[in-house]
Amino acid sequence: MTETNKTKKQLIIFLLVAYGVTFLMGILTWYGSTISAEMSAFPNAQMFYPAAGVMLAYLLTNREDSLLPRWFYLCFLLITLLMISVSVLSVAMPGQIMMLNEMEISMWAVLSQYVVIGGSILCWITFLIAGKNRRAAYGLGWKHWKTSFLCILLFFVLYFGRLVIAYAVSGQMSLLSDILLSPVTVPYIISLPINFFLVFAPFFGEEYGWRYYLQPILQKRFGMRTGVLILGVAWGVWHIFLDFFYYTTPDMGLPMTVTQIITCVSLGIFFAWAYLKTDNIWVPVILHFLNNNLAPVVANNYSMDVLENQQVTWAMVPEALLLNGVLFGFFLLSKEFREKKEEQKSMAE
């Protein structure tokens, strides 16, 4: 098999898993919404699909490569299948309730969290067993500590800067003060580094697929900036079933999808910038984790269903476009994109 044919085969396998499985599970998401099933396993499971597509592609086409981190990949694929199974069962057997801390909660919601935590721990074990050389060969190594830390810190500042601006414009700074001074907020934020190691797998699942695998392909084909913008749109559309049937209800699905695309394009620019800056896939993984897990702070809601049935209107779209575009989209003008593009031109000449 020629290198070109291998690359095409890898891309086809990736798309079949990342988008094909998402589409099939999306139909089940729609059905689950019609019977009011508990579906919190679905968004978590979907986050695994992009990396699963990359890993399956490499396992099938690079079988002779001694540097392939085979056990790490197989472990991740196993956890992906378990998450799919929990998602399917949550719709096939709805209404399964259990008591947790004297509260009624869906058995499937708890089980999916156990799979994520247990799977993350197993993945860390196989990740370490793979060894430094295998990790480096497949983009799994940690690089540039100082720059990586500064990128993460910058995202944290921009994230809360966006929050401050939004509350200031709406005249609700007192509400923001209540959120930040809440006795729950600081301990929650302090606990995030520990939580990351326990639940990293789904966030790695997206970023290893989007940033490590698909981003370089799109940038090579369409250019450094256009490739990232296309990836952002593709990433946003990828959420469409969740936008209509989980994050919101169908009547708000369209504005939610538009808002999702704006968010994915703008955050995708910053994540791409951070990845180009550090060549460290763990930086966008951590940024993605922070973006999702700081949502309870913003919403002042620490329940498990904080992301479900949100209220989204068309009036929110301009604000999302302005704030995200200015704070995160601005990085599209950075030298990292410009320098890489010039390097590609020089190599072509």
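Going by the structure above, here's the rest.
What comes next is a walk through the structure.

Criteria and cut-off values
- Residues numbered from 1 in each chain as written.
- Predicted model: local features only at pLDDT ≥ 70, side-chain atom pairs only at ≥ 80, totals over all residues.
- Heavy atoms only, no water.
- Axes fitted to C-alpha atoms, helices over the stretch in contact; angles between N-to-C directions.
- Helix = DSSP H or I, 4+ residues; strand = E, 2+ residues; numbered from the N terminus.
- Contact = heavy atoms within 4.5 Å.
- Nonpolar A, V, L, I, M, F, W, Y, C, P; charged D, E, K, R; others polar.
- Core = buried A, V, L, I, M, F, W, Y, C linked by side-chain atoms within 4.5 Å.
- Buried < 20%, exposed > 50% of the residue type's maximum accessible area, 1.4 Å probe, protein only.
- Salt bridge = Lys/Arg side-chain N within 4 Å of Asp/Glu carboxyl O.
- Left-handed = near helix turned anticlockwise from the far one by under 90°.
- Patch = residues over 30% accessible without salt bridge, like charges linked within 9 Å, V, L, I, M, F, W, Y side chains within 5 Å.
- Areas by Shrake-Rupley, 256 points an atom, 1.4 Å probe, with all protein chains shown as cover.

Moving on, we get to the packing of helix 7 (residues 145-169) against helix 8 (residues 173-180). Here helix 7 crosses helix 8 at 145°, and the two axes come no closer than 8 Å. Counted together, Phe160, Leu163, Val164, Tyr167 and Ala168 of helix 7 and Met173, Leu175, Leu176, Ile179 and Leu180 of helix 8 form the full contact between these two elements. Here the contact of helix 7 with helix 8 is composed, by residue class, of ten nonpolar, no polar and no charged.

Judged by nonpolar contacts, the single largest core of 97 residues is most densely connected at Tyr58, Tyr73, Phe155, Phe204, Tyr208, Phe270 and Trp282. The dominant element in this core, judged by the number of residues it contributes, is helix 9 (residues 185-222), at 14 residues.

Scanning the model with the defined rule gives three salt bridges in all. With its nearest N and O atoms 2.7 Å apart, the salt bridge here joins Glu207 to Arg211. Taken together, the residues span about one helical turn, with Glu207 and Arg211 both in helix 9 at a distance of four residues.

This part covers the packing of helix 1 (residues 3-34) against helix 3 (residues 49-61). Closest axis-to-axis distance for the helix 1/helix 3 pair is 8 Å, and the angle between their directions is 145°. In the crossing of helix 1 with helix 3, the sense of the turn from one axis to the other is right-handed. Packed against helix 1, whose contacting residues are Lys6, Lys9, Gln10, Ile13, Phe14, Val17, Ala18, Val21, Thr22 and Met25, the element helix 3 presents Tyr49, Pro50, Ala52, Gly53, Val54, Leu56, Ala57, Tyr58, Leu60 and Thr61 at the interface. Taken together, the residues of the contact of helix 1 with helix 3 sort by class into 14 nonpolar, four polar and two charged.

Right, let's get into a nonpolar patch on the surface. On the surface, Phe23, Leu24, Ile27, Trp30, Tyr31 and Ile35 cluster together into a nonpolar patch covering about 590 Å² of accessible area. With respect to the helices, strands and loops of the structure, Trp30 is situated in helix 1.

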